[in-house]
Amino acid sequence: MDVRAAVAFEAGKPLEIETVQLEGPKAGEVLVEIKASGICHTDAFTLSGEDPEGLFPSIFGHEGAGVVAECGPGVTSLKPGDHVIPLYTPECRECDYCLNPKTNLCQAIRTTQGQGLMPDGTSRFSYKGKPIFHYMGCSTFANYTVLPEIALAKIRKDAPFDKVCYIGCGVTTGIGAVVNTAKVTPGARVVVFGLGGIGLNVIQGARMVGADQIVGVDINPAKKPLAEKFGMTDFVNPKEVSGDLVAHLVELTGGGADWSFECIGRTDTMRQALECCHKGWGESVIIGVAGAGQEISTRPFQLVTGRTWKGSAFGGARGRTDVPKIVDWYMDGKINIDDLITHTMPLEEINKGFDLMHEGRSIRSVVVY
Ligand code: NAD
Ligand code: DAO
Ligand code: ZN
Ligand code: ZN
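For clarity, every value in this text was computed on a predicted model and none was experimentally measured.

Cut-off values and rules
Residues numbered from 1 in each chain as written. Chains lettered and ligands numbered in written order. Predicted model: local features only at pLDDT ≥ 70, side-chain atom pairs only at ≥ 80, totals over all residues. Helix = DSSP H or I, 4+ residues; strand = E, 2+ residues; numbered from the N terminus. Rg over C-alpha atoms; globule rule 2.2 N^0.38 Å. Buried ≥ 20, exposed ≤ 12 C-beta atoms within 10 Å, placed from the backbone. Contact = placed C-beta atoms within 7 Å. Domains from an automatic or database assignment. Near = placed C-beta within 6 Å. Nonpolar A, V, L, I, M, F, W, Y, C, P; charged D, E, K, R; others polar. Core = buried A, V, L, I, M, F, W, Y, C linked by C-beta atoms within 7 Å. Pairing = 2+ DSSP bridges. Axes fitted to C-alpha atoms, helices over the stretch in contact; angles between N-to-C directions.

**Regarding the overall build of the chain**
Of the regular secondary structure elements, the chain holds 11 helices and 17 strands. For 369 residues, the compact-globule estimate of 2.2 N^0.38 gives 21 Å, and the chain sits close to it at 20 Å. Principal-axis analysis of the C-alpha atoms gives the chain an extent of 60 × 40 × 40 Å. Per-residue burial for the chain yields a buried fraction of 50% across its 369 residues. The contacts in the chain between residues at least 6 apart in sequence include a share of 71% that link residues at least 24 apart.

**A few points about the domain arrangement of the chain**
The assigned domain composition of the chain is domain 1 (2–168 + 337–368) and domain 2 (173–313). Put simply, the middle of domain 1 and the middle of domain 2, counted by C-alpha atoms, are 29 Å apart. In this complex, domain 1 contributes 12 residues to the contact, which on the side of domain 2 involves 10 residues. Here the side of domain 1 that touches domain 2 takes three residues from helix α1 (residues 41–48), the largest share from any one element.

**Notes on the site of ligand 1**
Taken together, 30 residues sit near ligand 1, with H41, G194, G196, I198 and G265 positioned nearest. A total of three residues in the shell around ligand 1 trace back to one element, the largest contributor, which is α1. Its residues assigned to classes, the shell around ligand 1 comprises 15 nonpolar, 12 polar and three charged. Built from parts of two domains, the shell around ligand 1 gets at least three residues from each of domain 1 (2–168 + 337–368) and domain 2 (173–313).

**Looking at the site of ligand 2**
Around ligand 2 sit C40, T42, T89, L105, Q107, R110, C169, V289, A313 and F314, and that is every residue in its neighbourhood. Split into classes, the residues belonging to the shell around ligand 2 amount to six nonpolar, three polar and one charged.

**A short note on helix α5 (residues 199–208)**
The element α5 is largely enclosed, with a buried count of eight among its 10 residues. Along α5, the positions that sit buried rather than exposed are G199, L200, N201, V202, I203, Q204, G205 and A206. Turning to α5, the residues buried within the fold contact α4 (170–182), β10 (189–193), β11 (213–217), α6 (224–230) and β13 (259–262). One or two steps after α5, the chain reaches G210, where phi turns positive at roughly 90°.

**Quick notes on the nonpolar core**
With 107 residues, the main nonpolar core has I59, V164, V190, V191, V192 and F261 as its most contacted residues. Taken domain by domain, this core gets at least three of its residues from each of domain 1 (2–168 + 337–368) and domain 2 (173–313). Sequence-distant contacts of V190, that is, excluding residues within four places in its chain, are made with V184, A206, A211, Q213, I214, V215, A257, D258 and W259.

**Here we look at the environment of D234**
Among the secondary structure elements, D234 is positioned in strand β12 (residues 234–236). When near neighbours in sequence (up to four residues on either side) are disregarded, D234 contacts Q213, V215 and L252.

**Description of the sheet that holds strand β6 (residues 125–127)**
Overall, antiparallel pairing links the four strands, which are arranged β1-β2-β6-β7 in an open sheet. Bordering the open sheet on either side are β1 (2–7) and β7 (130–132), each of which pairs with just one other strand. Averaged over all adjacent pairs, the angle separating strand axes in this sheet is 50°, with direction ignored. Bridge count for strand β2 (residues 16–22) against β6 is two bridges, and the pairing is antiparallel. Of the residues in β6, the one forming a bridge with L22 is F125.

Now the structure itself:
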C-alpha cells in the first residue's frame, strides 16, 4: 500500500515527505495506522549522523500511538480496531531476558531490530523499488507502519493519541526510571540533571512516589517554572554556582542525594550526578545517551564508599505490561502529559519540530496524522 512518511535519506539533511510503499503484515506482525508521534531527542541524534547504529534511508519515529488495521497470521493478542503504542523495547514474555525479573531488555528481535529490519530479516518499507530501513523497530513517522505483535502495547480506547504517544518513550523513560529502576521511596532527596522531556518526567515520577526534596539542575533558567509545576522543590543553575557544583548539591541535600538521575547525555554531568549522591547509600541512574565512543569516569573510592552507578533503558519498563498502566495513570490524572506537549504539527511540518527541539523552545512536539 502507499503510505505518507517522513524519510531520512541522508544524515544531517532534513526529512523528506514522500509517498512510500508498505508491504502488509507477515506472520506474527501487525499493520498499525499511526495517529500521532512525538519527536524525541533520539530521532534527532540518529538524524545528525552521530549514532553509530544509524542507518539510511530510514523512516524514524519511535514514540507513536495508533490503531491496529490488520493482523498477520498467528497474531493472537491483538485484533483490528485495538488501540496500541509501539514499543522499541519489546516484551516477548518468553526469552531469557523477559523471564529474568532483573531486566526489561527483551532480546527476542534485538538483532534484526538493530539492523533496521523486521524479524525475518527484510524491510516492509520501500521507495522506488528499493528498501527503506525501519527505525528502532517502530518507524512512527509514517501514517501506517508494521510491527511485530510483541512490540505493541494494547491500550484503552478513550486515551487521546496526541497525548499518550509520549508514553511510547519520554514519559515511560522518566517515570519508569524512578519507579522501576531506582525504586525511589517516600521522603527521599532526589537530584535531577537536565530538565527536558525526560528530566521533567523523572521529576513528576519522584513527586508521585512521595520524594521530599527534588532538586533540578539545568543551565537553562527558562526550564524552572515548568519544573516547579511538576514538583521540583529547588533549582540549581550550574552557571550561577560560584564554587564546586557537587559540593553545593551535597550541602543543599543535607549530605547528598538518595538518588540522582542524569537526563542530559553528557559524561561530565554523569560524574557530577554520581558524586552528589550520599555517602553509604546514594544511587545514581544514567538515563542520558552520550555520544559514540565517550566514556565515564570517577574515582573508584566513590563506589567503595557506598555510592552505586546504574543505568536505565525505557525506564526499566516491560512495555506490554507497564505501558497500559501508565496510560491509566494519565487518564486518572495521576500524571501530567498535556503541559509537556508544547507543539503539534502535521507530518508535512515535521522538520519544524526538529528545529524547535534544537532551539530549546519545545519540550515535546507531536506530529498528528
Ligand atoms: P532535552 O534536550 O529535552 O533536555 C536536556 C536538558 O539538559 C535541557 O533542558 C538542557 O538545557 C540541559 N542541559 C544541557 N547541558 C547541560 C549541562 N551541562 N548541565 C545542566 N543541564 C544541561 O533532552 P531529553 O529529551 O530530555 O533527553 C535527555 C537524554 O535522555 C538524551 O540523551 C536522550 O537521548 C536520552 N534518552 C534516554 C532514554 C533511555 O531509555 N535511556 C530514552 C529517551 C531519551
Ligand atoms: O537490548 O541491547 C539492547 C538494546 C536496548 C535498547 C535500549 C535503548 C534505550 C536508550 C536509547 C534511547 C531511546 C529513545
Ligand atoms: Zn525517545
Ligand atoms: Zn523477551
